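Listed below, chain by chain, are the residues.
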Amino acid sequence: MTATTDATRAGDHVAIIGGGFSGTLLAINLMRHDGPRATLIERRPAQMARGVAYSAAHEEHLLNVRAGNMSALPDDPGHFVRWLEGKALGDAKTFVSRRIYGAYLREMLDAAVAANPGRLALVEGAVVALARGAEGVTLTLDAGAAIAADVAVLAIGNLPPHTPPGLDPAVLPAGCYRADPWAGDITEGLGPDDTVVLIGTGLTAIDAALLLEAAGFGGRVVAISRRGLVPRPHADTPPQPGLRERPAGTLSRLVRHVRDRAATVGWRAAVDELRPITQMMWGAADAATRARFLRHLRPYWDVHRHRLAPAVAARVDALCTAGRLGFTAGKLVGASADGSGARLCWRPRGSDDRVETRVARIVNCTGPQGDLMRSDEPLLRDLLDQGLIRPDPLRIGLDVDAQSQVIGRDGIADPRLFCIGPMTRGGLWEVVAVPDIRQQNWTLARRLANAQWVGGEGL
């Protein structure tokens, strides 16, 4: 065992709940900062280090960011590209497979474990309860084991999508409705004359459409959402320096600013300019402004901000041209059983008419959600019942402070309980992409590495 400093005494222990990108990167950074020992807990062994995002069901699911911007380490921006080039898998401009990126993360994690014997442990299991004591926390796993730690970090990623309004899976034939769009079995039992409806038209729907095509499905796919917006493709445009000051004025003035800039530098650059100040803008906005953004502008922001790799966009265009994939705007009204399939009823946007379509399968592609009050995750229910966590004001994640400390029902931030990753979007908004999560991770790892646990609290 190596000698310890005051900041990394043998008793200091961080338990990280969730072994996807956020949790894995925190564990790696704790080791890099010579921080406390850590236990990384993941309930799905195949997803350790990879999470849902990077254990995609098919090789053709690509990152939607070029490799040059995908280093896991904020202090080493060329790290991923060097790894990629060393394996002859691409260069800085490549949109690589998400599976490849998952392999990169797993290799980093394995290297951190090997370089830190006794300091970084990997545990398979689901945390179902957490007890907060005077001197730390105790986690209970589904198999009954208990893990004691000084600090717990929730790195649970996104919550699964809610069942879309107007849809009751219980009244549909078995297998007709699929809640998991990344499951390899969404093509099971389909024939060449069948129609599949994807509820949602964003990146999740693109993933599902590509999975159906890769599995040889020859029927028709229809993606439907209230606005029918589809993610835009990346393009080879010169990088644009980011803004350093927040545009003054209201939300409507910000929209005008982006439109004016788009006329000069193009819409991609106009949106990318906001990246360095997006979190600052979100933090400066009041609750009413944030709510208006989510209600009116979020869908447009998402399709312009989170883009498709050019190769993916070309394949989507080809499927649409061939009549095998279509996107439409409308509202789901209901669905009823029709033999082994369903009769789907929906209302086109801007119309009072109703359209009925016979479909073989309905796939939920509405994307991840963050409403804690609708979650059935045992750990989250336990934490809510105890009052250790609460939803953020917009109910799109957990309420946290600027140091990623979880805020409880009493409004007090807990120095023993932290949250990182997409579930902190209520306070940060832009915390779903690698550049934002890696910075959040880096900051928290440094904080935990320098903490001294005295009298039951971190100082």
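Residues numbered from 1 in each chain as written. Predicted model: local features only at pLDDT ≥ 70, side-chain atom pairs only at ≥ 80, totals over all residues. Heavy atoms only, no water.

By the naming in an unreviewed UniProt entry, the protein chain is FAD-dependent oxidoreductase, taken from Sphingomonas taxi.

**A word on the sheet that holds strand β1 (residues 13-17)**
Counted only if it meets this: Only strands that DSSP links by at least two bridges are regarded as paired with each other. The helix count covers DSSP runs of H or I at least four residues long, the strand count covers runs of E at least two residues long, and both are numbered beginning at the N terminus. Note on geometry: axes are C-alpha line fits, over the in-contact stretch for helices, and angles between N-to-C directions span 0 to 180 degrees. The criterion used for residue contact is that any of the two residues' heavy atoms lie within 4.5 Å.
If you walk across this open sheet you meet the six strands as β3-β2-β1-β7-β16-β15, and the pairing is mixed. The open sheet terminates on both sides in strands that have one partner only, identified here as β3 (120-124) and β15 (405-407). On average, adjacent strands in this sheet sit at an angle of 35° to one another, irrespective of strand direction. This element, helix α1 (residues 21-32), spans β1, β2 (37-42), β3 and β7 (151-154) of the sheet and lies at about 165° to β2. Helix-sheet contacts for helix α3 (residues 98-115) involve β2 and β3, and the interaxial angle to β3 is about 125°.

**Remarks on the packing of aromatic side chains**
To be explicit about the condition: Ring pairs are drawn from Phe, Tyr and Trp, using the six-membered ring of Trp, whenever the two centres fall within 6.5 Å, and their geometry is named by plane angle: stacked under 30 degrees, edge-to-face over 60, tilted for the rest. For every residue, the accessible area obtained with a 1.4 Å probe (protein chains only) is divided by the maximum for its type, and the residue is called buried under 20%, exposed over 50%, and partly exposed between those limits.
Overall, the coordinates contain eight aromatic pairs when judged by the stated rule. For the ring pair Phe21 and Tyr101, a centre distance of 6.4 Å and an interplane angle of 35° mean the geometry is tilted. In this pair, Phe21 is assigned in helix α1 and Tyr101 in helix α3, connecting sequence segments 80 residues apart. Across this residue pair, the class does not change: Phe21 and Tyr101 are buried. Seen in terms of ring centroids, Phe80 and Trp83 are 6.0 Å apart; in terms of plane orientation they differ by 20°. Their pairing is stacked. Here Trp83 and Phe80 lie together in helix α2 (residues 79-86), a separation of three residues that amounts to about one turn. By way of ring pairs, the aromatic residues Phe21, Tyr54, Phe80, Trp83, Tyr101 and Tyr104 are connected into one cluster.

**Here we look at the sheet that holds strand β5 (residues 136-141)**
With respect to topology, three strands assemble into an open sheet ordered β4-β5-β6, the strand pairing being antiparallel. With partners counted over all chains shown, the strands left at the sheet margins are β4 (127-133) and β6 (146-149), one partner each. With direction set aside, neighbouring strand axes in the sheet form an average angle of 20°. Pairing of β5 with β6, which is carried by four bridges, proceeds in the antiparallel orientation. Across the sheet, Leu139 pairs through a bridge with Ile147, a residue of β6.

**A closer look at the confidence of the model for the protein chain**
Selection rule: Confidence scores per residue from the predictor, reported as pLDDT, run from 0 to 100.
In the predicted model, the protein chain carries a mean pLDDT of 86, and 90% of its residues have values of at least 70. Low pLDDT, under 50, characterises residues 1-11; the stretch is placed with 17 contacts to residues that sit more than four places away or in other chains.

**So, the pattern of salt bridges**
So the rule is basically this: When a carboxyl oxygen of Asp or Glu is within 4 Å of a side-chain nitrogen of Lys or Arg, the pair counts as a salt bridge.
Enumeration over the complete set of coordinates arrives at 15 salt bridges. Two residues, Asp34 and Arg119, come together in a salt bridge whose shortest N-O distance is 4.0 Å. Note that Asp34 is positioned in the loop between α1 and β2 and Arg119 in the loop between α3 and β3, a separation of 85 residues in sequence. A salt bridge links Arg43 to Glu377; its shortest N-O distance comes to 2.9 Å. Residue Arg43 is found in the loop between β2 and α2, and its partner Glu377 is found in the loop between β14 (361-364) and α10 (378-386); the two are separated by 334 residues along the sequence. Judged by its relative accessible area of 18%, Glu377 is buried. Salt bridges linked by common partners bring Asp338, Arg343 and Arg358 together as one network.

**Some thoughts on the pairing of strand β10 (residues 220-225)**
The element β10 is extensively covered by neighbouring structure, given that five of its six residues are classed as buried. Strand direction decides the pairing type here: strand β9 (residues 195-199) and β10, joined by five bridges, are parallel. Each residue of the ladder has a partner; that of Ile199, found in β10, is Ile224. Pairing of β10 with strand β11 (residues 325-338) involves five bridges; the strand directions are parallel. For Ser225, the partnering residue across the bridge sits in β11 and is Ala329.

**A look at the nonpolar core**
The criterion, for reference: As used in this record, nonpolar core signifies buried Ala, Val, Leu, Ile, Met, Phe, Trp, Tyr and Cys residues forming a set joined through side-chain atoms within 4.5 Å.
With 42 residues, the main nonpolar core has Ile16, Phe21, Leu30, Phe80, Tyr101 and Val153 as its most contacted residues. Listing elements by their share of this core, those giving two or more residues are β1, α1, β2, α2, α3, β7 and α12 (434-450). The residues touching Phe21, leaving out its near neighbours within four places in the chain, are Ala49, Tyr54, Ala72, Tyr101, Leu105, Val434, Ile437 and Arg438. In terms of nonpolar packing, the next biggest core, distinct from the first, is built from 28 residues, Ala205, Ala309, Ala313 and Val363 among them.

**Some words on α12**
Put simply, the rule reads: Between the first and last residue of a helix there are one fewer steps than residues, each counted as 1.5 Å, and that sum is the expected span.
With 17 residues, α12 should reach 24 Å at 1.5 Å per residue; the first-to-last C-alpha distance of 24 Å fits that figure. Those residues of α12 lying buried are Val434, Asp436, Ile437, Arg438, Gln440, Asn441, Trp442, Leu444, Ala445, Leu448 and Ala449.

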